[in-house]
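A look at the structure
Each chain is listed here by its residues.
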Amino acid sequence: MRLIFIVLLIFSKLFAEDFITMKEYAKMLYENPRGISCKECHGKDGGEQILGYIIKKDTKIPYKIPSIQNLSFEKFKLALTQEKDSRSIMPSYSLTEDEIITLYNYINHKEK
Ligand code: HEC
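If you're wondering where the values come from, they're calculated on a predicted model, not measured in any experiment.

1. Here's the deal with the layout of surface pockets
- Estimates place the volume of the largest pocket at around 660 Å³.
- Along the wall of the largest pocket there are 29 residues; nearest its centre are His-42, Pro-66, Ile-68, Ala-79 and Met-90.
- Elements that contribute at least two residues to the lining of the largest pocket include exactly helix H3 (38-42), strand E2 (59-65), helix H4 (73-81) and helix H5 (97-107).
- Of the residues forming the lining of the largest pocket, the biggest block, five residues, is contributed by H4.
- Taken together, the residues that form the lining of the largest pocket break down as 19 nonpolar, five polar and five charged.

Here it is as structure tokens:
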């Protein structure tokens with residue numbers, strides 16, 4: 001009986017190690033997708049970012065990255081699936097529908 005208890009304890013510890021919450025998974029995906037991290041350009045939470053400045057005729061023009069918060073899911077998905085404009089610096093990703101949903105919910109603070 002005691003042995004079974006110990007064995008169960010070890011098992012539950014092992015499973016506990018593997019278990020991550022949906023939020024942790026979403027954060028991992030946002031910060032480490034298969035490709036360059038979204039965070040590099042969109043910041044910690046997807047708000048508007050100034051990535052750098054372009055100097056044109058002595059004026060400093062900020063290179064802004066639009067906020068990706070509060071977009072419709074359709075727009076969000078399109079940005080991650082459509083062929084990119086050649087001027088865009090955003091890389092192409094091959095994310096699954098589930099991964100896109102996870103990222104969308106993460107950016108918009110929706111649980112699950
Ligand atoms: C190298 C920089 C870079 C990285 C990395 C990047 N993006 Fe972007 N993203 C941009 C830029 C710049 C735009 C603005 C539109 C454009 O230039 O294509 C954009 C646009 C978007 C849009 C559309 C915004 C709109 O208003 O339509 C979404 C959604 C988006 N990014 C999500 C993501 C997600 C999710 C990731 C990670 C899987 C990611 N991006 C990684 C630079 C980046």
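2. Here's the deal with helix H2 (residues 22-31)
- Among all positions of H2, only Ala-26, Leu-29 and Tyr-30 are buried. Down the axis of H2, the smallest arc covering the buried residues is 100°, so these residues share one side.
- As for H2, its buried residues are in contact with H3 and H5.

3. Here's the deal with the coordination of the iron atom of the ligand
- Protein coordination of the iron atom of the ligand is provided by His-42 (NE2) and Met-90 (SD), with donor distances spanning 2.0 to 2.1 Å.
- What the six donor atoms of the iron atom of the ligand show is an angle range of 85 to 179° at the metal, which sorts the shape as octahedral. Placement of His-42 in helix H3 and of Met-90 in the loop between H4 and H5 is noted, with a sequence separation of 48 residues between them.
- The exposure class assigned to His-42 is buried, which follows from its relative accessible area of 12%.

4. Structural notes on unusual backbone geometry
- You will see that Lys-57, though not glycine, has its phi angle at about 45°, which is positive.
- Classification of Lys-57 by relative accessible area gives exposed; the value is 82%.

5. Remarks on the side chain of Ser-37
- Looking at where Ser-37 falls in the secondary structure, it is placed in the loop between H2 and H3.
- From its side chain, Ser-37 meets the backbone oxygen of Glu-31 in a polar contact 2.9 Å long.
- Within the structure, Ser-37 has its side chain in polar contact with the backbone nitrogen of Lys-39 (distance 3.1 Å).

Basis of the calculations
- Residues numbered from 1 in each chain as written.
- Predicted model: local features only at pLDDT ≥ 70, side-chain atom pairs only at ≥ 80, totals over all residues.
- Heavy atoms only, no water.
- 1 Å grid on protein atoms, 1.4 Å probe; cavity = no way out; pocket = protein on both sides within 12 Å on 5 of 7 lines; lining within 4 Å.
- Points joined across faces, edges and corners; volume = space filled by probe spheres on them.
- Helix = DSSP H or I, 4+ residues; strand = E, 2+ residues; numbered from the N terminus.
- Nonpolar A, V, L, I, M, F, W, Y, C, P; charged D, E, K, R; others polar.
- Buried < 20%, exposed > 50% of the residue type's maximum accessible area, 1.4 Å probe, protein only.
- Arc of directions from axis to C-beta.
- Contact = heavy atoms within 4.5 Å.
- Donors = N, O, S within 2.8 Å, 3.2 Å for Na, K, Ca; no water.
- Tetrahedral: all angles 85-135°; square planar, octahedral: opposite > 155°, others 65-115°.
- Polar contact = N/O pair within 3.5 Å; in protein donor to acceptor, adjacent residues only side chain to side chain.

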